[in-house]
Amino acid sequence: MSEVPWASKMRRVHAEWMAPEEVVQQVRLHYFEAINWLHDSLFGSWSGQWSGASAYLSGAFLKQHHQALLSAREGNLSFVVGVLRCDHILEVRHFSELGDDCLIVDHQFGRRMATYNRETQERSHTQDLGDGSVVYRLRYDSKARRWKIEAFVQELPMGWVKTRRRMVETTMLAPYTGRDS
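Residue positions within a chain follow its written sequence, with the count starting from 1. Under the rules for a predicted model, residues below a pLDDT of 70 receive no local features and side-chain atom pairs below 80 are neither given nor counted, while totals for whole chains, interfaces and linings still include all residues. Calculated side-chain values reflect all of the structure's heavy atoms, with hydrogen atoms and water omitted.

A. Molecular detail of unusual backbone geometry. A positive phi angle is found at H14, which is not glycine, with a value near 55°. Helical segments are the DSSP runs of H or I of at least four residues, strand segments are the runs of E of at least two, and each set is numbered from the N terminus. In this structure, H14 sits in the loop between β1 (11-13) and β2 (16-18). Burial classification: accessible surface area is computed with a 1.4 Å probe over protein chains only, and a residue below 20% of its type maximum counts as buried, one above 50% as exposed, and the rest as partly exposed. Taking the relative accessible area as the measure of exposure, H14 reaches 81% and is therefore exposed. Look at H94: it is not a glycine, yet its phi comes out positive at around 50°. The topology assignment puts H94 in the loop between β3 (80-93) and β4 (101-117). Residue H94 is classed as partly exposed on the basis of its relative accessible area of 30%.

Next comes the structure, spelled out in C-alpha coordinates:
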(Lines give C-alpha, C1' and ligand atoms only; values in the text may rest on other atoms or scores of the structure.)
Protein backbone atom coordinates (compact mmCIF):
# COMPACT_ATOMS: atom_id res chain seq x y z
CA MET A 1 0.00 0.00 0.00
CA SER A 2 1.31 3.40 -0.90
CA GLU A 3 1.08 6.30 1.47
CA VAL A 4 -1.53 8.96 0.76
CA PRO A 5 -0.45 12.63 0.66
CA TRP A 6 -2.49 13.48 3.76
CA ALA A 7 -1.19 10.61 5.96
CA SER A 8 0.71 13.02 8.23
CA LYS A 9 -2.44 15.12 8.69
CA MET A 10 -4.59 12.28 10.05
CA ARG A 11 -5.94 12.99 13.54
CA ARG A 12 -7.85 11.13 16.22
CA VAL A 13 -11.33 12.47 16.91
CA HIS A 14 -12.83 10.63 19.86
CA ALA A 15 -12.28 6.94 19.02
CA GLU A 16 -11.74 7.22 15.25
CA TRP A 17 -9.26 8.53 12.72
CA MET A 18 -10.29 11.49 10.56
CA ALA A 19 -8.67 13.00 7.50
CA PRO A 20 -8.49 16.73 6.76
CA GLU A 21 -11.72 18.40 5.61
CA GLU A 22 -10.55 18.68 1.98
CA VAL A 23 -10.10 14.89 1.89
CA VAL A 24 -13.58 14.37 3.40
CA GLN A 25 -15.01 16.60 0.65
CA GLN A 26 -13.10 14.60 -1.98
CA VAL A 27 -14.58 11.36 -0.61
CA ARG A 28 -18.09 12.83 -0.90
CA LEU A 29 -17.47 14.07 -4.45
CA HIS A 30 -16.02 10.76 -5.66
CA TYR A 31 -18.84 8.79 -4.03
CA PHE A 32 -21.44 10.91 -5.86
CA GLU A 33 -19.53 10.50 -9.12
CA ALA A 34 -19.58 6.70 -8.64
CA ILE A 35 -23.30 6.64 -7.83
CA ASN A 36 -24.06 8.82 -10.85
CA TRP A 37 -21.92 6.62 -13.11
CA LEU A 38 -23.76 3.50 -11.88
CA HIS A 39 -27.10 5.13 -12.74
CA ASP A 40 -25.97 6.60 -16.06
CA SER A 41 -24.28 3.42 -17.28
CA LEU A 42 -27.26 1.19 -16.52
CA PHE A 43 -28.62 1.33 -20.07
CA GLY A 44 -25.20 1.61 -21.70
CA SER A 45 -23.29 -1.06 -23.55
CA TRP A 46 -21.98 -4.12 -21.77
CA SER A 47 -18.39 -3.26 -22.69
CA GLY A 48 -18.82 0.30 -21.44
CA GLN A 49 -20.17 -0.92 -18.12
CA TRP A 50 -17.32 -3.44 -17.83
CA SER A 51 -14.47 -1.08 -18.68
CA GLY A 52 -15.89 1.96 -16.88
CA ALA A 53 -16.48 0.21 -13.59
CA SER A 54 -12.83 0.16 -12.52
CA ALA A 55 -12.75 3.97 -12.61
CA TYR A 56 -15.30 4.12 -9.75
CA LEU A 57 -15.33 0.71 -8.05
CA SER A 58 -12.70 -1.56 -6.49
CA GLY A 59 -12.33 -4.71 -4.43
CA ALA A 60 -15.42 -6.75 -3.59
CA PHE A 61 -17.78 -4.16 -5.09
CA LEU A 62 -16.01 -4.23 -8.47
CA LYS A 63 -15.99 -8.03 -8.40
CA GLN A 64 -19.72 -8.13 -7.62
CA HIS A 65 -20.43 -5.65 -10.44
CA HIS A 66 -18.42 -7.74 -12.92
CA GLN A 67 -20.20 -10.93 -11.79
CA ALA A 68 -23.57 -9.29 -12.42
CA LEU A 69 -22.43 -8.21 -15.89
CA LEU A 70 -21.17 -11.72 -16.70
CA SER A 71 -24.45 -13.20 -15.53
CA ALA A 72 -26.37 -10.76 -17.72
CA ARG A 73 -24.17 -11.59 -20.70
CA GLU A 74 -24.84 -15.31 -20.23
CA GLY A 75 -28.55 -14.66 -20.65
CA ASN A 76 -29.56 -14.35 -17.01
CA LEU A 77 -30.70 -10.84 -17.79
CA SER A 78 -33.80 -9.47 -16.18
CA PHE A 79 -36.24 -7.66 -18.46
CA VAL A 80 -36.53 -4.89 -15.89
CA VAL A 81 -34.01 -2.74 -14.12
CA GLY A 82 -34.40 -0.61 -10.99
CA VAL A 83 -32.98 2.85 -10.42
CA LEU A 84 -32.94 4.25 -6.89
CA ARG A 85 -33.62 7.96 -6.73
CA CYS A 86 -33.29 9.92 -3.49
CA ASP A 87 -31.75 12.87 -1.69
CA HIS A 88 -28.49 12.16 0.12
CA ILE A 89 -26.83 13.41 3.27
CA LEU A 90 -23.37 11.89 3.62
CA GLU A 91 -21.26 11.23 6.69
CA VAL A 92 -17.63 10.28 6.12
CA ARG A 93 -16.29 8.34 9.09
CA HIS A 94 -13.78 5.85 10.43
CA PHE A 95 -10.71 6.45 8.27
CA SER A 96 -7.97 3.89 8.58
CA GLU A 97 -4.87 5.06 10.44
CA LEU A 98 -3.06 5.31 7.09
CA GLY A 99 -5.88 7.45 5.67
CA ASP A 100 -6.51 5.30 2.58
CA ASP A 101 -9.75 3.67 3.69
CA CYS A 102 -12.98 5.03 5.19
CA LEU A 103 -16.70 4.46 5.65
CA ILE A 104 -19.41 6.59 4.14
CA VAL A 105 -22.88 6.60 5.69
CA ASP A 106 -25.38 7.60 3.02
CA HIS A 107 -28.57 8.86 4.65
CA GLN A 108 -31.14 8.60 1.86
CA PHE A 109 -34.36 10.59 2.02
CA GLY A 110 -37.42 10.24 -0.20
CA ARG A 111 -36.17 6.98 -1.68
CA ARG A 112 -38.06 5.85 -4.75
CA MET A 113 -37.27 2.81 -6.86
CA ALA A 114 -38.09 3.47 -10.51
CA THR A 115 -38.51 0.25 -12.52
CA TYR A 116 -37.70 0.41 -16.23
CA ASN A 117 -38.14 -1.95 -19.16
CA ARG A 118 -34.53 -2.73 -20.11
CA GLU A 119 -35.21 -2.83 -23.86
CA THR A 120 -37.48 0.20 -24.28
CA GLN A 121 -36.07 2.17 -21.32
CA GLU A 122 -39.64 3.15 -20.42
CA ARG A 123 -40.52 3.50 -16.76
CA SER A 124 -43.15 0.96 -15.77
CA HIS A 125 -43.47 1.51 -12.03
CA THR A 126 -42.23 3.63 -9.13
CA GLN A 127 -42.25 2.45 -5.53
CA ASP A 128 -41.75 4.57 -2.42
CA LEU A 129 -39.16 2.92 -0.18
CA GLY A 130 -39.13 5.46 2.64
CA ASP A 131 -35.99 6.87 4.18
CA GLY A 132 -32.96 4.75 4.98
CA SER A 133 -29.23 4.73 5.60
CA VAL A 134 -26.59 2.56 3.96
CA VAL A 135 -22.89 2.18 4.68
CA TYR A 136 -20.13 1.65 2.11
CA ARG A 137 -16.38 1.22 2.47
CA LEU A 138 -14.29 3.41 0.16
CA ARG A 139 -10.61 2.98 -0.64
CA TYR A 140 -8.23 5.52 -2.13
CA ASP A 141 -6.58 4.45 -5.38
CA SER A 142 -3.28 6.35 -5.45
CA LYS A 143 -2.66 5.57 -9.14
CA ALA A 144 -6.08 6.92 -10.21
CA ARG A 145 -5.92 9.58 -7.47
CA ARG A 146 -9.52 8.99 -6.47
CA TRP A 147 -11.73 7.25 -3.92
CA LYS A 148 -13.57 4.16 -5.12
CA ILE A 149 -16.45 2.19 -3.62
CA GLU A 150 -14.86 -1.00 -2.34
CA ALA A 151 -17.68 -2.76 -0.50
CA PHE A 152 -21.27 -2.49 0.65
CA VAL A 153 -21.12 -2.81 4.44
CA GLN A 154 -24.73 -2.72 5.62
CA GLU A 155 -28.11 -1.03 5.62
CA LEU A 156 -28.74 0.56 9.00
CA PRO A 157 -31.94 -0.20 10.92
CA MET A 158 -35.00 1.93 10.24
CA GLY A 159 -35.07 5.02 12.42
CA TRP A 160 -31.28 5.27 12.56
CA VAL A 161 -31.24 8.89 11.41
CA LYS A 162 -33.83 9.98 13.97
CA THR A 163 -32.33 8.10 16.93
CA ARG A 164 -28.63 8.34 16.06
CA ARG A 165 -27.96 11.43 18.14
CA ARG A 166 -29.13 9.59 21.27
CA MET A 167 -27.33 6.33 20.50
CA VAL A 168 -23.87 5.43 21.68
CA GLU A 169 -21.82 3.65 19.04
CA THR A 170 -19.51 0.96 20.36
CA THR A 171 -17.01 -1.23 18.59
CA MET A 172 -17.20 -4.05 21.13
CA LEU A 173 -20.09 -5.83 22.78
CA ALA A 174 -20.46 -5.58 26.53
CA PRO A 175 -18.94 -8.50 28.44
CA TYR A 176 -21.24 -11.42 29.19
CA THR A 177 -22.76 -10.99 32.62
CA GLY A 178 -25.13 -13.89 32.83
CA ARG A 179 -28.45 -15.14 31.59
CA ASP A 180 -31.01 -12.61 30.37
CA SER A 181 -28.59 -9.71 30.65
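B. Spotlight on the sheet that holds strand β5 (residues 123-141). Sheet architecture is open: four strands sit in the order β3-β4-β5-β6, paired in antiparallel fashion. Where the open sheet ends on each side, the last strands, each with one partner, are β3 and β6 (146-155). Within the sheet, the average angular offset between the axes of one strand and its neighbour, ignoring direction, is 35°. Only strands joined by at least two bridges in the DSSP assignment are considered to pair. Relative to β5, β4 is paired through 14 bridges, and the arrangement is antiparallel. What sits directly across from C102, in β5, is L138. Axis angles are defined between N-to-C directions and span 0 to 180 degrees, where every axis is a line fitted to C-alpha atoms and, for a helix, only to the segment in contact.

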